[in-house]
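Breakdown of the fold
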Amino acid sequence: MATGTQSRAGDECFSIAADHDSIRRERIETVISDTRHGHVTFDTLVNRVYECEYTGETDPVSHRRRVANALYYVHLPRLDELGVIDYDPIEGNVSVLSEQ
């Protein structure tokens, strides 16, 4: 019985995490799309996403670091892989790919 409860709780946590990832990726796309030229530096993107998310409940430096790590290691590489953005981690540039 505990296994079924644990499984449902695990599914719920996964769903919440997936929703959070989806919201963060939408924020990333919105920030880049709202820029004048369709591209932004990594630091600017981190700052803008952080500003959208920070609620004051945690240490601001730690929260910004978590946002930066999540963007650098998870979200931007994934969006680049999907062909939504062009991400250059070496140069620190992120651009929206033009629709063809």
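Structural data are supplied above this passage.
Below or above, wherever it landed, is the structure these notes cover. In this text, all values refer to a predicted model and were calculated from it rather than measured experimentally.

1. Remarks on the pairing of strand β2 (residues 85-88)
By the alternation rule, side chains of β2 split into Ile85 and Tyr87, which are all buried, and Asp86 and Asp88, of which none is buried. When β2 meets strand β3 (residues 93-96), the two strands line up antiparallel, connected through four bridges. Within the sheet, the bridge partner assigned to Tyr87 lies in β3 and is Val94. The hairpin turn running from β2 into β3, its antiparallel successor, is four residues long, and Gly92 in that turn takes a positive phi close to 80°.

2. Some details on the pattern of salt bridges
This structure, assessed with the given rule, holds three salt bridges. Across the pair Glu53 and Arg24 runs a salt bridge whose closest N-O atoms are separated by 2.6 Å. Of this pair, Glu53 sits in helix α2 (residues 42-53) while Arg24 sits in helix α1 (residues 2-34); the two residues are 29 residues apart in sequence, bridging distant segments of the chain. The same class applies to Glu53 as to Arg24, namely buried. A salt bridge links Glu81 to Arg78; its shortest N-O distance comes to 2.4 Å. Of the two residues, Glu81 and Arg78 both sit in helix α3 (residues 60-81), three residues apart, roughly one turn of that helix. The exposure class of Glu81 is exposed, given its relative accessible area of 61%. Each of Arg24, Arg27 and Glu53 takes part in salt bridges that share partners, so that together they form one network.

The rules behind these values
- Residues numbered from 1 in each chain as written.
- Predicted model: local features only at pLDDT ≥ 70, side-chain atom pairs only at ≥ 80, totals over all residues.
- Heavy atoms only, no water.
- Buried < 20%, exposed > 50% of the residue type's maximum accessible area, 1.4 Å probe, protein only.
- Helix = DSSP H or I, 4+ residues; strand = E, 2+ residues; numbered from the N terminus.
- Pairing = 2+ DSSP bridges.
- Salt bridge = Lys/Arg side-chain N within 4 Å of Asp/Glu carboxyl O.

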